[in-house]
Amino acid sequence: FKPLSSLIPLCLPSLAEEANAAQWPILLERISSNETIETAEIPWWIHDHCRQRRPFTEPVDNSSELEITHVLYASNAQNFDGLLSSMVSLAEHLVYPRQCVLHIIMPRDDVMQGRAVALEECFFMMVAHWRHKITMEIHEEIPLNFSAENRGPNRTSLAFARIFATKYLPKLTRVVWLDTDTILKADVSLLFRTRMNGRPVAAVKEIGRNAHPSTTSNDRRSLPNMPSFETMFNSGVLLMDLKAWRSQGVEKRMAEYALAHSYLEDQEILNIVFQSDWHVLSWKTKV
């Protein structure tokens, strides 16, 4: 490994600026040596609220083809602290870590400058006792054929990576997409094996009248295929049937909408394409 102190600015750019940043290399060294760490010493993002398990109530499919759980993220180096928070909370709740693969999409520059390697090293140090069980695969971001600018606050091209999941994962039949601000409190493999009842995507209903620009934008409301706010889903946690996406040409349809309407966000495009053809997950799945 590289000296851990050199990994902190790469993996945790915002936390590295905190006053206690000097404690991180010491803590990581102690974790890697299997030393017992007191609860009070554990960073905020794997503290008690991340460890509390919540019951999962969705019916699951136990078929053999869903034995390996696949999870997809997309992040640049600026969001690695949030990504690591989510990944560690995921790892903390896995019953069978050997049966989980994490797929991370990131910009080519981050990969070429060694940030992908730094991310892997940081993560495996944080979950050192599972180091040889969880698998991580890095995917370079595929350039878009449309602009991602002016599509909402903090939106980058990576927000549209979920639309092209079939390109990144050509051999998979199913994947769970997680935004990097998602903290898991149950085993993600249960979500992965949720019965989708023939739908191409499963998600949680959107909540909060002001949470989405489509409630106020005349441009958006004028689109003939824009669903009503009450019927929209949140795209932060998605269960995707990639086999159905391929057979239905979902990726092509979403790319066409994105190209034709330069103001649409990824969540709006997903809702326009799927309309009512999605399986509703319990709102507890998003918590």
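These notes cover the structure that comes with them. Bear in mind the structure is a predicted one, so any value in this text is a computation, not a measurement.

With that out of the way, let us pick up the sheet that holds strand β1 (residues 69-74). Strand order in the open sheet formed by seven strands is β3-β2-β1-β4-β6-β5-β7, and the pairing between neighbours is mixed. Where the open sheet ends on each side, the last strands, each with one partner, are β3 (135-140) and β7 (279-281). Between one strand and the next, the sheet's axes are offset by a mean angle of 30 degrees, whatever the strand orientation. Where β1 meets strand β2 (residues 100-106), six bridges bridge the pair, whose relative direction is parallel. Bridging from a neighbouring strand, His-70 pairs with Val-101 of β2. Against the sheet, helix α4 (residues 80-92) contacts β1, β2, β3 and β4 (174-178), and its axis sits at roughly 170 degrees relative to β2. Along the sheet face, helix α6 (residues 115-126) touches β2 and β3 and points at about 160 degrees away from the line of β3.

As a further point, take α4. When the terminal C-alpha atoms of α4 are compared, their 18 Å separation across 13 residues agrees well with the 18 Å that a helix rising 1.5 Å per residue should span. Burial analysis of α4 places twelve of its 13 residues in the buried class, the great majority of the element. Buried within α4 are the following residues: Phe-80, Asp-81, Leu-83, Leu-84, Ser-85, Ser-86, Met-87, Val-88, Ser-89, Leu-90, Ala-91 and Glu-92.

Every buried residue of helix α11 (residues 250-260) is accounted for by Val-250, Glu-251, Met-254, Ala-255 and Ala-258. Relative to the axis of α11, the buried residues are bounded by an arc of 125 degrees and lie together on one face. More than 90 degrees from the buried face of α11, the exposed residues found are Lys-252, Leu-259 and Ala-260. Buried positions along α11 lie against α7 (165-168), α10 (242-247) and α12 (266-274).

This part is about the packing of α11 against α12. Orientation of α11 relative to α12, taken along the N-to-C sense of each, is 125 degrees, at an axis distance of 10 Å. By the angle between their axes, α11 is oblique relative to α12. Note on packing geometry: the crossing formed by α11 with α12 is right-handed. Only Ile-269, Leu-270, Ile-272, Val-273 and Phe-274 of α12 make contact with α11, whose side of the interface consists of Val-250, Arg-253, Met-254, Tyr-257 and Ala-258.

It is worth spelling out the pattern of salt bridges at this point. As enumerated under the stated definition, the model contains six salt bridges in all. A salt bridge links Asp-110 to Arg-115, with the nearest nitrogen and oxygen atoms 2.8 Å apart. Taking the relative accessible area as the measure of exposure, Asp-110 reaches 6% and is therefore buried. Of the residues examined, Arg-115 reaches a relative accessible area of 21% and is grouped as partly exposed. The salt bridge involving Asp-266 is made with Arg-162; its shortest N-O contact spans 3.5 Å. Here Arg-162 lies in the loop between β3 and α7 and Asp-266 lies in helix α12, a separation of 104 residues in the sequence. The exposure class assigned to Asp-266 is buried, which follows from its relative accessible area of 0%. Each of Arg-162, Asp-179 and Asp-266 takes part in one network of salt bridges that share partners.

Checked against the element boundaries, Cys-122 lands in helix α6. Given the relative accessible area of 1%, Cys-122 is considered buried. Taking the C-alpha atoms as reference, Cys-122 lies 8.3 Å from Leu-84; in sequence the two are 38 residues apart.

The next subject is the environment of Phe-274. Along the chain, Phe-274 falls in helix α12. The exposure class of Phe-274 is buried, given its relative accessible area of 3%. Between the C-alpha atom of Phe-274 and that of Pro-200, which follows or precedes it by 74 residues, the distance is 8.1 Å. Look past the residues within four positions of Phe-274 in its chain and what remains in contact with it is Pro-200, Val-201, Phe-233, Trp-245 and Val-250.

Conventions adopted
- Residues numbered from 1 in each chain as written.
- Predicted model: local features only at pLDDT ≥ 70, side-chain atom pairs only at ≥ 80, totals over all residues.
- Heavy atoms only, no water.
- Pairing = 2+ DSSP bridges.
- Helix = DSSP H or I, 4+ residues; strand = E, 2+ residues; numbered from the N terminus.
- Axes fitted to C-alpha atoms, helices over the stretch in contact; angles between N-to-C directions.
- Contact = heavy atoms within 4.5 Å.
- Expected span 1.5 Å × (residues − 1).
- Buried < 20%, exposed > 50% of the residue type's maximum accessible area, 1.4 Å probe, protein only.
- Arc of directions from axis to C-beta.
- Parallel < 35°, antiparallel > 145°, perpendicular 65-115°, else oblique.
- Left-handed = near helix turned anticlockwise from the far one by under 90°.
- Salt bridge = Lys/Arg side-chain N within 4 Å of Asp/Glu carboxyl O.

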